[in-house]
Amino acid sequence: KIIIYGAGAIGCEYASIFNSLGAKVTLINSHEQILHFLDNEIIDALSYHFRDQGIRINHNEDFLKIDYRKDSLTMHLSSGKKITADALLVTKGRTGSLEALGNINIETTKKNHIKVNEYYQSSKPNIYAVGDITGNPGLASSAYDQGRFAALHIINPICEPTLLCDMPVGIFTNPEISCLGYSEEQLTRDKIPYETGRVAFKNLARSQIENKTTGMLKIIFHQEDLKILGVHCFGHNASEIVHIGQAIMSQKSSGNSLKYFINTTFNYPTMAEAY
């Protein structure tokens, strides 16, 4: 039995790992939803499959204290619940480690991340920062391109910023999640008119052949000009499938349109056919 305290990307990934290894997992979440920064439909799908796999989720909970014994521990929650397990994994986010840099006197956040502008310059313009030390998204893929962009900006301050647009997020739970662009909640908040197209993996021949029928692909597009606004994928190989939508979204002129998927033939049977 293991308690995982924190239901962000790392907490949910480790919940999947330990569950797959046969552990009984209790996931303690201090928010109303796991992975609360994602599209609600994707969150609901993962929550359902977590529970179906036997992962127990407690929302809106904080811990008060932990009692340790020789071979177990008990976590006391603010709601009065007590949960006993063999081990505890705390995944409540990461803070920056700047001590080794000495007294460079640049602006930081509450989590000791370096504040940067759109060019990854700190409050001292000749000091750049990229990757995890700048906070979100905290991904290897984004850190790589942030570093490349910062180097280009040092050489030529008029460099092209599109390198950092529409970066996908990949979360390697079981099943996988990957997304980029707007969620429905963000578009509703910003009063942008949109529609959605979606397909369940269970209706795809390739999913049936591979017996990987859990999941879905959702495309969010503008009601008027059919521009792709967001791509959200849940299921086997989601982190690969999302790249097709990313390629179309990157065509910033008239190329970014739902019409591409309507008028394009995909190989059959493939997961790409979901588009």
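Described in the following lines is the structure provided in the data block. Everything numeric in this text was worked out from a predicted model, so none of it was measured.

## Focus: a nonpolar patch on the surface
Together, Ile10, Tyr14, Ile17 and Leu21 make up an exposed nonpolar region whose accessible area comes to about 390 Å². With respect to the element layout, Ile10 can be found in helix 1 (residues 9-20).

## Some remarks on the sheet that holds strand 3 (residues 56-58)
Spatially, 3-2-1-7 is the arrangement adopted by the four strands of the open sheet, whose pairing is parallel. The strands lining the two open edges of the sheet, one partner per strand, are strand 3 and strand 7 (87-90). If you compare each strand with its neighbour and ignore which way they point, the axes differ by 20 degrees on average. Bridge count between strand 2 (residues 25-28) and strand 3: three bridges; the pairing is parallel. Across the sheet, residue Ile28 finds its bridge partner in strand 3, namely Asn58. Here helix 1 sits on the sheet and contacts strand 1 (2-5), strand 2 and strand 7; the angle it forms with strand 2, its principal contact strand, is near 170 degrees.

## Digging into the pairing of strand 12 (residues 228-235)
Across a regular strand the side chains alternate sides, sitting on one face of the sheet and then on the other. Burial analysis of strand 12 places eight of its eight residues in the buried class, the great majority of the element. Looking at chain direction, strand 9 (residues 177-181) and strand 12 are connected through five bridges and run antiparallel. Within strand 12, the residue paired with Ser178 across the bridge is Cys233. Pairing between strand 11 (residues 215-222) and strand 12: seven bridges, direction antiparallel. Bridging across to strand 12, Leu217 finds its partner in Cys233. Connecting the antiparallel pair strand 11 and strand 12 is a turn made up of five residues, with Leu226 showing a positive phi of about 65 degrees.

## Let's talk about the pattern of salt bridges
Opposite charge on two side chains lets them pair, provided their charged atoms get close. Counted according to the given criterion, the structure contains 10 salt bridges. For the salt bridge of Lys218 with Glu41, the shortest nitrogen-to-oxygen distance reads 2.8 Å. Of this pair, Lys218 sits in strand 11 while Glu41 sits in helix 2 (residues 40-52), and the two are 177 residues apart along the sequence. When its relative accessible area of 0% is taken as the criterion, Lys218 is described as buried. On the accessibility criterion, Glu41 (26% relative accessible area) is partly exposed. Taken together, the shared-partner salt bridges connect Asp39, Glu41, Glu184, Arg198 and Lys218 into one network.

## Section: helix 3 (residues 140-155)
Taking 1.5 Å per residue as the helical rise, helix 3 with its 16 residues ought to reach 22 Å, and the 23 Å between its terminal C-alpha atoms agrees with that figure. All of the buried residues along helix 3 are Ser142, Asp145, Gln146, Phe149, Ala150 and His153. The buried residues of helix 3 occupy an angular sector of 145 degrees when the element is viewed end-on, so they sit on one face. Opposite its buried face, helix 3 presents the exposed residues Ala140, Tyr144, Ile154 and Ile155, each directed more than 90 degrees away.

## A few points about unusual backbone geometry
Following Asn174, the chain continues to Pro175 via a peptide bond in cis, the omega torsion being 5 degrees. Residue position: Pro175 is located in the loop between strand 8 (169-171) and strand 9. In this structure, the amide linkage connecting Tyr268 to the following residue, Pro269, adopts the cis form with an omega of 0 degrees. Looking at the element boundaries, Pro269 is found in the segment after helix 7 (259-262). A positive phi angle is found at Asn60, which is not glycine, with a value near 50 degrees.

## Here we look at the sheet that holds strand 5 (residues 73-77)
Overall, antiparallel pairing links the three strands, which are arranged 4-5-6 in an open sheet. Of all strands in the sheet, those with a lone pairing partner are strand 4 (63-68) and strand 6 (82-85), marking the two edges. Neighbour-to-neighbour, the strand axes of this sheet turn through a mean angle of 20 degrees, independent of strand direction. Relative to strand 5, strand 4 runs antiparallel, the two being bridged by five bridges. Looking at the pairing, Phe63 lines up with Leu77 of strand 5.

About the cut-offs
Residues numbered from 1 in each chain as written. Predicted model: local features only at pLDDT ≥ 70, side-chain atom pairs only at ≥ 80, totals over all residues. Heavy atoms only, no water. Patch = residues over 30% accessible without salt bridge, like charges linked within 9 Å, V, L, I, M, F, W, Y side chains within 5 Å. Areas by Shrake-Rupley, 256 points an atom, 1.4 Å probe, with all protein chains shown as cover. Salt bridge = Lys/Arg side-chain N within 4 Å of Asp/Glu carboxyl O. Helix = DSSP H or I, 4+ residues; strand = E, 2+ residues; numbered from the N terminus. Pairing = 2+ DSSP bridges. Axes fitted to C-alpha atoms, helices over the stretch in contact; angles between N-to-C directions. Contact = heavy atoms within 4.5 Å. Buried < 20%, exposed > 50% of the residue type's maximum accessible area, 1.4 Å probe, protein only. Expected span 1.5 Å × (residues − 1). Arc of directions from axis to C-beta.

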